[in-house]
Structure formats: C-alpha cells, structure tokens
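Spelled out from the first residue to the last, the chains are:
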Amino acid sequence: MKEINLLLVEDNPGDVLLARIAFEKSRFPVNFHVALDGEEALNFLYKKGKFSGADTPDLILLDLNLPAKSGAEVLADVKGDESLKVIPVIILTTSQAEWDIIQCYKLHANCFVNKPFGFDSFDKVVACIEEFWFGIVRLPGN
Amino acid sequence: MDAEWKDPVRILILEHEPGDIELLQFELKKGGLQYTSRVVQQRKEYEEALRDFRPDIVLSDFVLPDFDGAAAFYVAKEIAPGTPFIIVSGTIGEENAVDLIKAGVTDYVIKDKLFTVVTKIARALKESREHREKKEQDEKLAKYARELERSNRELEEFAYVASHDLQEPLRMVGSFLQLLQQRYGDKLDKEANEYIYYAVDGAARMKRLIGDLLNYSRTNREWVIEQVDIAAVIGDALNNLAAGIRESGAIIHVDEMPHLAADPAQMLQLFQNLVGNAVKFRKAGIPPVIAISAVRNDTGWLFSVQDNGIGIDNQYAEKIFVLFRKLHHNAKFEGTGIGLSIVKKIVERHGGKIWFESEPGKGATFYFTLKPLHK
C-alpha cells in the first residue's frame, strides 16, 4: 500500500505528541508531518525553503487557534489555490463556537472535528479519521 | 421668592425705554427680590453681557433698537443655553406670545400686568433649576447604565475567553494522565494509580465546570428569537437526558405546551436543566415521577416542573440559584452548581421569574414565568 502523507498543523507540542502516538497505532502506512504554525504549513505546502523536498500531503489536519496566521487563513489559502484545493482539510480544534464551524465550512473545510477530552477519546477520533479517510474514501492520486 | 435661591439673582434686562426700565426695577424691588441687574439695549452689548455678566435670567422687551425679542432669545439660546428668558412687552399680541413660548421662550409679561413679573421670575428660576437637576441626573444615570453595560460585556467576554482558553491546558493534563495510566499503569503500584485516578477525576470535573461556565456566558452572548414549540423542545430535552431517565426508571408527564417567541437553544437548556435536576435529585430506590405543565397568565405563561425527589430546605431558597452553589457533596450528587444559575438567567432574559415550593423529603416544584419576546 502506498504511504499516506499526513500534514498536521498544530502549535501545541502536547497535541502533536498525542496525535503522533495515536497515529503510530495505525494499520495504514502513515507518513506523519508537522507544521507548528500557519506560515510553516504554507511553506511546507509550497515546498519553500527547508521544505523544498517535502511531500505533497494527502490529507491536512488543521488547528484553528494558531499564532500569527490563523487556521482559518491557512484554510482560505489552501482552498483558494488551484493545485492545493483538492487536498482534504480536516479542522481539528477545541472551539465549539457555531461561528467557527460555519466560517470553516464556508471556506470549504472538508470536515470540522472537536478535539476530544482525554487520550482515549482522542485515540477514538483519530481511529475514525483513519478508517474513513484512509480506508473508505478515495483520495486523489492514490 | 424661592427660599432655596440664596444668592442675589443676576438679571439681564434688555430694554431701551428709560421709563420702562424704572418701572421694572420698581416692581422687582417691590416684590422683595434679592437681585443684581445689568441693563443693555444694543445687540452687541447684550451678547457681551450674556458672556461676562452670566445672568440667571433674561428679561427682554420685544421691540428693540437694532433687533427684537425673538432674535434676542435665539442669541441667548446660542451663548447661554438653558438660561430662562422672559419677554416683557406692551405690544406683543397673544398669538405672537404663543409662538414664542412654543419656540422655547420661558414666559411673557404684559406691561399692564407688570406686578406679575416677580412671581414669573421665581417660577422660571425654579423650573430651570429643576430642569437642570433632572438633566444632570439623567446624564448620570445614562453614564452609569453605559458603564454597567460595558463592564458586563467585558465580564462576559472574559468568562468566554477564559473558559475557552482554560480548556486547552486542561485537556493536556487529562490526556497525558490517561496516557500515563494506560502505558505505565502496570509498572506503578496501587497507590500511584490511585493518585492518577484522583488527578484524572479532578481534570474531568474541571472540564465540566468550564463547559458549564461557557454555557452560562453564552446565555448572554448569543440570542435568537423565533416561534418555539415548547413541546418539541421538551421532547429534545428528554432525548438528551435519555440515559439518566432510563437508568432511574423516571416517569414523565408533559401537559399541553404552548408555542411562544423565545430563544430555542435557551428553552432547551432551561427544560433540560430542570428535568435533569428532577431526575438527579431523586430519593434512593424510588423512580422519579415528574410533571411538566403550563398555564396562561396575564403577561405570558406560567410553567411548572414538579418532582417527587429529595426536596429542598427552604432556607436555601436564594442560594440554589447562585453560581457554583451546591447543597450536596459531589460523591452523592455530581454537579458543578451552575445549572440553576443558567436556568435563572434564561428565565430573566425572557422577562420572567423563577421560584420553587418544596419541603425536604417531599419533592419540589419549580415555577417560572416566560413572556413572549419581540423580535
């Protein structure tokens, strides 16, 4: 099976570690990339600077509350770019604000998921994301 | 003369007939008025006097050498707004006088009845002072209201942002403690695992607190009004409470319910919290029996939620609606102490009141009124 390139955009190292541990158990061959803020995420996607050899991700997990360039701005950039807009973007956030949910879907987020409380629930959410996006869904180019 | 007026009254007299000036001065003195005056007749000196003599009141003839009483009034309004202005004239007709009063002139005195001038001055000064005082009071009140509104808004924003940002680090604490337990639990002794248990439990409780606090602050922030089918709302609330209802074997009667203009999400929260409490605070081993009813009253609807639970001691009548206030240990009845605060806030936002009737051990009935809202 072809390796799946996953880009996690997340500024909180604790969340990065939780996601890394959860994806380690995956039955799918996941190549796990991390961008610590919005700027870095766009550099990764446009293969700029130190990311010149980066893989184009098959799926993006995007936090909303990021320093400087917000998650919503990154989302708008990705979905406004002809070559990047095909990549599914999953919003992964603690925000439960209706306003955030609506705004993200308006910006063409592929889905909006709340970060659950506790590792067990987080693990379950990650397992669901894997099953659906890597198991059921057909992604472009795979 | 008004006893509260202690200093001599500063009267600006706008008059050019020496005879009339004398008569007027005579009447003022006769009336026992303590006053100082300045007499002017040209527009320029009149304007100057308004500025540096700073009169408490202006007495003006209607016919003047280079302008008239009406123009003089508008000049006073411009330079010394709020100063009472009385026209003293022998020629002014009734119709003219009415127009001037409509335009804001305080009063007028016909020269034939000059003896009324002191009474009219006293009344004008009294009214002007009352008017000024009321205006000052209104301004003060409006300022307080603005300040209160701003501080409330800041507090709500603070609660919202704080509770939202507090969730992040807490999620880290909870998640990594769980992970620690999962991965290293078998390497730790019983005591260490117990410590972890209490820490996880504390984090989970903190999370519920923050969630409820978020809900509480949201009650003020978000606000939608539409026609709400209360029966459907109660149906949704019972659905959300299904696990607790099933587990306790609760029986719930719902009377005929109205449709009314309200915030639908808040109505759901309202009924869910009250029914949830009725299920939670049940007597051990006795399935809850809960009755929800609604009757029309003068201003809207009176609702009641009755249960057969443990009841509430009346000495806590006020306390139970206070934020974070709980009457029981967590071990007995789990909760954050925010539920009824939210309920009270929702009822009050819908122009209603909430109270209860209860005796310990004999169940409780919560009553609340709701007024249909306007969009």
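Conventions adopted
Residues numbered from 1 in each chain as written. Chains lettered and ligands numbered in written order. Predicted model: local features only at pLDDT ≥ 70, side-chain atom pairs only at ≥ 80, totals over all residues. Heavy atoms only, no water. Contact = heavy atoms within 4.5 Å. Buried area = accessible area lost by both parts, 1.4 Å probe. Salt bridge = Lys/Arg side-chain N within 4 Å of Asp/Glu carboxyl O. Polar contact = N/O pair within 3.5 Å; in protein donor to acceptor, adjacent residues only side chain to side chain. Buried < 20%, exposed > 50% of the residue type's maximum accessible area, 1.4 Å probe, protein only. Helix = DSSP H or I, 4+ residues; strand = E, 2+ residues; numbered from the N terminus. Pairing = 2+ DSSP bridges. 1 Å grid on protein atoms, 1.4 Å probe; cavity = no way out; pocket = protein on both sides within 12 Å on 5 of 7 lines; lining within 4 Å. Points joined across faces, edges and corners; volume = space filled by probe spheres on them. Nonpolar A, V, L, I, M, F, W, Y, C, P; charged D, E, K, R; others polar.

Regarding the interface of chain B and chain A
- Between chain B and chain A, the contact holds 17 residues from the first and 18 residues from the second.
- For the pair chain B and chain A, the summed buried area comes to about 1600 Å², and 57% of that belongs to carbon and sulfur atoms.
- On the chain B side of the contact with chain A, His164(B), Arg171(B) and Phe176(B) bury the most area, a combined 29% of that side's loss.
- Across the contact surface, chain B and chain A share one salt bridge.
- There are five residue pairs in polar contact (both at pLDDT 80 or more) connecting chain B and chain A.

Quick look at helix α10 (residues 339–349) of chain B
- Looking at α10(B), one finds that the buried residues are Leu340(B), Ser341(B), Ile342(B), Val343(B), Lys345(B), Ile346(B) and Val347(B).
- Remark: Gly351(B) follows α10(B) within two positions and exhibits a positive phi of approximately 65 degrees.

Remarks on the pairing of strand β12 (residues 364–370) of chain B
- Summarising burial for β12(B): six of the seven residues are buried, a large majority.
- Connecting strand β11 (residues 354–358) of chain B to the antiparallel partner β12(B) that follows it, the hairpin turn spans five residues, and Gly361(B) within it adopts a positive phi of roughly 85 degrees.

A closer look at the layout of surface pockets
All names here are of chain B.
- Here the largest pocket is characterised by a volume of approximately 1100 Å³.
- Lining the largest pocket are 45 residues; nearest its centre among them are Asn273, Asn277, Lys280, Gly335 and Gly339.
- The set of elements that each furnish at least two residues to the lining of the largest pocket consists of α6 (190–221), α9 (264–280), α10 and β12.
- Sorting elements by how many residues they give to the lining of the largest pocket places α9 first, with 10 residues.
- Split into classes, the residues belonging to the lining of the largest pocket amount to 19 nonpolar, 17 polar and nine charged.

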